[in-house]
Each structure stands twice: as structure tokens, then as C-alpha cells.
Amino acid sequence: LDYDERDRRLARLGPGQPAIDDGDRKLLVTTRTLHLRKTRPSTFAGSYTPAAATGAAADHVVAYSRADDVVVVATRLPAGLQRNGGWRDTTLALPNGRWHDVLSDTPATTEVGQLLSGLPVALLVRAGG
């Protein structure tokens, strides 16, 4: 591993800073997820509860909540998703409250196409939690 390069990338990926390549994206997902896990250990010790998606591409969403304050969303079978026209009207049922995506550092929406527009995954936390 080139630790100096990782340090440069980490310095560039501060809050609100976008990833510019796949290396950045992988590091961003890894570091922000590990940070969330460190700050909310009881959340990550809990069980998983499926989160339902509806709409044309619902079969391409894998989503679940941990405890009541974190929701994980991932794209499933992206080549088929693209071939079939993308997310279109697909939405995700989120528990009540305001949600924030720690990966994109933006407020979360229930529209999956918007939620996953920058990365094929999202890590949502209940705002204020």
C-alpha cells in the first residue's frame, strides 16, 4: 500500500468533498462507514430489518435498517438496471424522520435514483440522532 497516497486522498475527502475516482470512492465509503460504526457501536451490534423498495426497479435495491437510526442501501444487479432504463419511479420506504446520507453528506430522499446518483450505495443516519 502507498500510505502517502492514502493520506493525500483522506485529506482531500473532508466533509462535503466529492470523490473524484474509484480509489476515492472506495476510501470514502470505507472511512465514513468505519467512523459511523465507531461512533454508534450499539447500532452496529443490533439486528437487521429489511427496508422495502417499490417501483419499476425495486428488485435492484437491497436495503435494511440497523437499530432505528441507520439505513444501508445498495444497488443490486447494476447492468440489468441500466439495461432496463434505470431507477425511474423506484422509491425506498424510510422510517419516519429526517435522514442524512453520510457518504454524500446530503439530506436523504426516498427517491432511489436521486439517493444513489453519486455512488451505488448510501449510508443513511437519522438526522439529529
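These remarks concern the structure in this document.

Thresholds applied
- Residues numbered from 1 in each chain as written.
- Predicted model: local features only at pLDDT ≥ 70, side-chain atom pairs only at ≥ 80, totals over all residues.
- Heavy atoms only, no water.
- Helix = DSSP H or I, 4+ residues; strand = E, 2+ residues; numbered from the N terminus.
- Rg over C-alpha atoms; globule rule 2.2 N^0.38 Å.
- Buried < 20%, exposed > 50% of the residue type's maximum accessible area, 1.4 Å probe, protein only.
- Contact = heavy atoms within 4.5 Å.
- Areas by Shrake-Rupley, 256 points an atom, 1.4 Å probe, with all protein chains shown as cover.
- Lys, Arg positive; Asp, Glu negative; His and termini not counted.
- Charge placed at Lys NZ, Arg CZ, Asp CG, Glu CD.
- Salt bridge = Lys/Arg side-chain N within 4 Å of Asp/Glu carboxyl O.
- Core = buried A, V, L, I, M, F, W, Y, C linked by side-chain atoms within 4.5 Å.
- Phe/Tyr/Trp six-rings, centres within 6.5 Å; stacked < 30°, edge-to-face > 60°.
- Polar contact = N/O pair within 3.5 Å; in protein donor to acceptor, adjacent residues only side chain to side chain.

## Examining the overall build of the protein chain
Right, so step 1: When its secondary structure is counted, the protein chain shows five helices and eight strands.
Right, so step 2: The secondary structure elements of the protein chain, listed N-terminal to C-terminal, are α-α-α-β-β-β-β-α-β-β-β-α-β.
Right, so step 3: What you see for the protein chain is a C-alpha radius of gyration of 15 Å, in line with the 14 Å of a compact globule of 129 residues.
Right, so step 4: Projected onto its principal axes, the C-alpha positions of the protein chain cover 45 × 35 × 20 Å.
Right, so step 5: When each of the 129 residues of the protein chain is scored for burial, the buried share is 33%.
Right, so step 6: Contacts spanning at least 24 positions in sequence make up 49% of the contacts within the protein chain whose residues lie at least 6 apart.
Right, so step 7: Taken as a whole, the protein chain presents about 7,800 Å² of accessible surface, with 53% of it coming from carbon and sulfur.
Right, so step 8: Side chains of the protein chain give 16 positive and 14 negative charges; the mean places of these two sets differ by 3 Å.

## Points about the pattern of salt bridges
Right, so step 1: Within the structure shown, the criterion is met by seven salt bridges.
Right, so step 2: We note a salt bridge from Asp 69 to Arg 40, for which the minimum N-O separation is 2.7 Å. In this pair, Asp 69 is assigned in the loop between strand 3 (61-66) and strand 4 (70-75) and Arg 40 in the loop between helix 2 (22-39) and helix 3 (41-45), connecting sequence segments 29 residues apart.
Right, so step 3: The exposure class assigned to Asp 69 is buried, which follows from its relative accessible area of 14%.
Right, so step 4: If you follow the salt bridges from partner to partner, you end up with Glu 5, Arg 8, Arg 9, Arg 12, Asp 21 and Asp 24 in one network.

## Regarding the nonpolar core
Side chains that are nonpolar tend, in soluble globular proteins, to be buried together.
Right, so step 1: Val 61, Val 73, Trp 87, Leu 92, Leu 115, Leu 116 and Leu 124 are the most contacted members of the largest nonpolar core, which totals 18 residues.
Right, so step 2: Looking at this core, the elements that each hand over two or more residues are strand 3, strand 4, helix 5 (112-115) and strand 8 (121-126).
Right, so step 3: The residues contacting Leu 92, other than those within four sequence positions of it, are Ala 51, Ala 52, Ala 53, Val 61, Ala 63, Val 73, Thr 110, Val 112 and Leu 115.
Right, so step 4: Judged by nonpolar contacts, the second largest core, of 12 residues, contains Leu 13, Leu 36, Phe 44 and Val 70.

## Some points on the packing of aromatic side chains
Right, so step 1: Under the defined criterion, the tally for this structure stands at one aromatic pair.
Right, so step 2: Measuring from centroid to centroid gives 4.7 Å for Tyr 48 and Tyr 64, while their planes differ by 70°, and the two rings are edge-to-face. With Tyr 48 in strand 1 (residues 48-50) and Tyr 64 in strand 3, the pair connects residues that are 16 residues apart, well separated along the chain.
Right, so step 3: Residue classification places Tyr 64 among the partly exposed positions, given a relative accessible area of 25%.

## Some remarks on the side chain of Arg 32
Right, so step 1: Structurally, Arg 32 is set in helix 2.
Right, so step 2: Look at Arg 32: it is buried, it has no salt bridge, and the nearest opposite charge is Asp 105 at 5.9 Å.
Right, so step 3: Within the structure, Arg 32 has its side chain in polar contact with the backbone oxygen of Leu 13 (distance 3.1 Å).
Right, so step 4: Contact partners of Arg 32, with chain neighbours within four places excluded, come to Leu 13, Gly 14, Pro 15, Gly 16, Gln 17, Val 102, Leu 103, Ser 104, Asp 105 and Leu 123.

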